[in-house]
Amino acid sequence: MLVTVLTVGVGLAGLIVALWRDMRAELRAVDTELRADIRAVRAAIDADRLAHEALHAAERQARIEERRELLAAIAAIREGTP
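Calculation criteria
Every chain begins its residue count from 1, and numbering advances along the sequence as written. In view of the model being predicted, local features appear only for residues whose pLDDT reaches at least 70, and side-chain atom pairs are presented and counted only at 80 or more, with totals across whole chains, interfaces and linings using the full set of residues. Calculated side-chain values reflect all of the structure's heavy atoms, with hydrogen atoms and water omitted. Only runs of H or I of at least four residues qualify as helices and only runs of E of at least two qualify as strands under DSSP, and these elements are numbered from the N terminus. Each radius of gyration is computed over the set of C-alpha atoms, and the globule rule expresses the reference value as 2.2 Å times the number of residues to the power 0.38. Each accessible area is a Shrake-Rupley result for a 1.4 Å probe, and residues are judged covered by the shown protein chains and nothing else. Here the positive residues are Lys and Arg and the negative ones are Asp and Glu; neither His nor the chain ends is included. By convention, the point assigned to a charge is CZ for Arg, NZ for Lys, CD for Glu and CG for Asp. Buried means the residue's accessible area, taken with a 1.4 Å probe over protein chains only, is under 20% of the maximum for its type, while exposed means over 50%, and partly exposed covers the values in between. For a helix, the expected span equals 1.5 Å multiplied by the residue count minus one. Here the term patch refers to residues with relative accessible area over 30% and no salt bridge, with like charges joined within 9 Å and nonpolar side chains (Val, Leu, Ile, Met, Phe, Trp, Tyr) within 5 Å. Basic side-chain nitrogens of Lys or Arg form a salt bridge, by our definition, when they fall within 4 Å of a carboxyl oxygen of Asp or Glu.

Participant: Pulling in residues and values, what's your account of the overall build of the chain?
Facilitator: Helix and strand counts for the chain stand at one helix and zero strands. Taken against the 2.2 N^0.38 rule, which gives 12 Å for 82 residues, the C-alpha radius of gyration of the chain at 35 Å runs more than 25% over that of a compact globule. Across its three principal directions, the C-alpha atoms of the chain cover 115 × 10 × 10 Å. As displayed, the chain has an accessible area near 7600 Å², and 66% of this comes from carbon and sulfur atoms. The averaged location of the 13 negative side-chain charges in the chain is 7 Å from the averaged location of its 12 positive side-chain charges.

Participant: Mind laying out the environment of Gly11, listing which residues take part and the relevant values?
Facilitator: Note that Gly11 resides in helix H1 (residues 2-79). Given a relative accessible area of 41%, Gly11 falls into the partly exposed group. Remark: the alpha-carbon pair of Gly11 and His56, spanning 45 residues in sequence, is separated by 67 Å.

Participant: Kindly report on H1, identifying the contributing residues and their values.
Facilitator: Over its 78 residues, H1 runs 114 Å from end to end, which matches the ideal 116 Å to within 8%, given 1.5 Å per residue. Of the residues flanking the end of H1, it is Gly80, one or two places downstream, whose phi is positive at about 90°.

Participant: Tell me about a nonpolar patch on the surface, residues and numbers included.
Facilitator: A grouping of Val8, Leu12, Leu15 and Leu19 is seen on the molecular surface, where their side chains present a nonpolar patch of about 370 Å² in accessible area. You can see Leu12 is positioned in helix H1.

Participant: Go over the pattern of salt bridges, please, and point to the residues and values.
Facilitator: This structure, assessed with the given rule, holds two salt bridges. Linking Arg49 and Asp46 is a salt bridge whose minimum nitrogen-to-oxygen distance equals 3.1 Å. Of this pair, Arg49 and Asp46 both sit in helix H1, three residues apart, which is roughly one turn of that helix.

Worth remembering: the numbers are spatial, not functional.
The following block contains the structure:
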């Protein structure tokens, strides 16, 4: 009887250790995957930010060029040349 209890106990302990190791490996895989996802999201955010800043720079440049054209047109009108 004692041998049976010890055998079952050792078997259960082995099973628990095996399950724990499997669980740890799975948690590590999930952690690695989550970290990769976080890096991908941060990279996407950085790319969006750069695109947004580039858009604003292009808009500022377009406004500067439009202002120059308007000032040149006003100066031409004042000089009397169409």
